[in-house]
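Read off the chains here:
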Amino acid sequence: MSATGTTKATNGRQLSLNLFIYPGGHHEAGWRFPGSVPDRLNDVSYYQELARKAESAKFDAVFFADGPALPDHVRYAVRFRFEPLTLLTALAAATSRIGLIGTASTTYFEPYNLARLYASLDHISGGRAGWNIVTTSVPTAGANFGLSENPSHADRYARAGEFLEVVTKLWDSWEDDALVADPVSGLLADDSKIHPIEHIGRHFRVKGALNTPRSPQGRPVYVQAGASDDGRSFAARYAEAIFTAHQTLDSARAFYADIKARAASLGRSPDHVRILPGISPYLGSTEAEAKALYEEFNALIQPEFSLSQLRQMIGLDLSGYDLDGPFPRHLIDTSSPIGVASRFKLVIDIVDREKPTIRQLIQRLAGARGHYVAVGTPERIADEIQTWFETGAADGFNVMPPWLHGGFDVFAAEVVPILRRRGLFREEYSGTTLRDHFGLPRPESQYAAAIRATA
């Protein structure tokens, strides 16, 4: 089928679509755009309304990013947010089907506490929880936890691997039928089916078992976003959905093929790893109208903030440089520790490919922090989504509206119906859990599997 066709898809694959909610929208100046409501950013009903809209559009999930430190330049941009698990619990009560994905750091949580939190969310929501696993690269985070500096990249990933081992054991520590609740016999729980995990490792010593029965999904969906070599290896081993950023179709296809091959080499089904790039759509009834909308956003940029964002991505302070002069590529230090970061590589790729001025670069990044910015009519945006989906670049997308609620409203009203007409996206939910939406199996408790294998 042509990427611009309108006939029904024939291979049965369906897009996954998540609403990635940044409080003020994904353009760094989105909170300033007419129709935005910055006075509601601390109003839980604002987020409940967004979640209900995404559920009405039959999206797979809503997603919240997070970090355990206040970033620079809150003076100019929305840099604060609710703690995700608390917020997602409030959204669970306001919705019934949409998945609920939140970020938590393996560097600054302990496995037992995190396992309880996500198990509780999965129970409360009826099986809709997803965990976006991060290792936290923000340099200022360590000082909030009594550390003089953030742990190194390698140390964070080593801890993360053991962290996943521990929480997986904890979520499996109750077999599915351990909770009996039989008032006639008086048996509440079969404690022969509740297993201490007795974990002793380099980073953690955890006895277990978890003090919460096994949740509806068995465990939350494992989501990950790192694209460094360590991040890819981690994702191939553990992740069931991967959030990623790409500027070109070729880059996205190479990443997709690499992750699927790595997962297969570890004995995993590539179909059980959903790869979901970010897309930030600027929609207009004509191409000219869409481009004018994009330029209207860029006119609201605060260069001081934009340059601070760029400095965090590439480790280079360009304050005082002529914004309309060429980007000083020769000043980039690719051997620095930040050089392994996926966003560093993405920015340098833009510079090498497009040779932008400094202003052009910060405008590119202002739209969605390096995620793909799509500018055009609803048909054109649907074409691009279909092309990426059908040519091995994506299993779906994280939709990143430039401003809220309006940026999502127009996508749901104008782009989603086109995708449905082409047979690419569901009309209705076919299941009740996030695993159902993503087409992922429910994992068996490893303890139950081990007992069955020896029976």
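Structure first, text after, so check above.
This is a predicted model, so every value here is computed, not measured.

Let's shift gears to a nonpolar patch on the surface. The grouping of Leu70, Val74 and Phe80 at the surface amounts to a nonpolar patch, some 260 Å² of accessible area in total. With respect to the element layout, valine 74 can be found in the loop between β2 (61–64) and α2 (84–94).

This next bit is on the packing of aromatic side chains. The tally for this structure, following the rule as stated, stands at 25 aromatic pairs. Measuring from centroid to centroid gives 4.2 Å for phenylalanine 33 and phenylalanine 297, while their planes differ by 10°, and the two rings are stacked. In this pair, phenylalanine 33 sits in the loop between β1 (16–20) and α1 (44–56) while phenylalanine 297 sits in helix α7 (residues 287–298), placing the two residues 264 residues apart along the sequence. Given the relative accessible area of 0%, phenylalanine 297 is considered buried. Among the aromatic residues, those joined into a cluster by ring pairs are Tyr118, Trp131, Phe163, Trp171, Phe204 and Tyr222. Residue placement shows arginine 13 over the ring face of phenylalanine 389; its charged tip is 3.9 Å from the ring centre.

Right, let's talk about the pattern of salt bridges for a bit. Taken as a whole and judged by the stated rule, the model has 28 salt bridges. Notably, a salt bridge pairs arginine 262 with aspartate 229, separated by 2.9 Å at the nearest N-O pair. With a gap of 33 residues between them, arginine 262 in helix α6 (residues 249–265) and aspartate 229 in helix α5 (residues 229–238) connect regions that are remote in the sequence. The partner of glutamate 354 in a salt bridge is arginine 364, with the nearest N and O atoms 2.5 Å apart. Of this pair, glutamate 354 sits in helix α9 (residues 342–354) while arginine 364 is found in helix α10 (residues 358–366), placing the two residues 10 residues apart along the sequence. According to the relative accessible area criterion, glutamate 354 is partly exposed, its value standing at 36%. For arginine 364, a relative accessible area of 22% translates into the label partly exposed. Several salt bridges converge on common partners, so that one network encompasses Asp172, Asp176, Arg214 and Arg442.

About the cut-offs
- Residues numbered from 1 in each chain as written.
- Predicted model: local features only at pLDDT ≥ 70, side-chain atom pairs only at ≥ 80, totals over all residues.
- Heavy atoms only, no water.
- Patch = residues over 30% accessible without salt bridge, like charges linked within 9 Å, V, L, I, M, F, W, Y side chains within 5 Å.
- Areas by Shrake-Rupley, 256 points an atom, 1.4 Å probe, with all protein chains shown as cover.
- Salt bridge = Lys/Arg side-chain N within 4 Å of Asp/Glu carboxyl O.
- Helix = DSSP H or I, 4+ residues; strand = E, 2+ residues; numbered from the N terminus.
- Phe/Tyr/Trp six-rings, centres within 6.5 Å; stacked < 30°, edge-to-face > 60°.
- Buried < 20%, exposed > 50% of the residue type's maximum accessible area, 1.4 Å probe, protein only.
- Lys NZ or Arg CZ within 6 Å of the ring centre and 35° of its normal.

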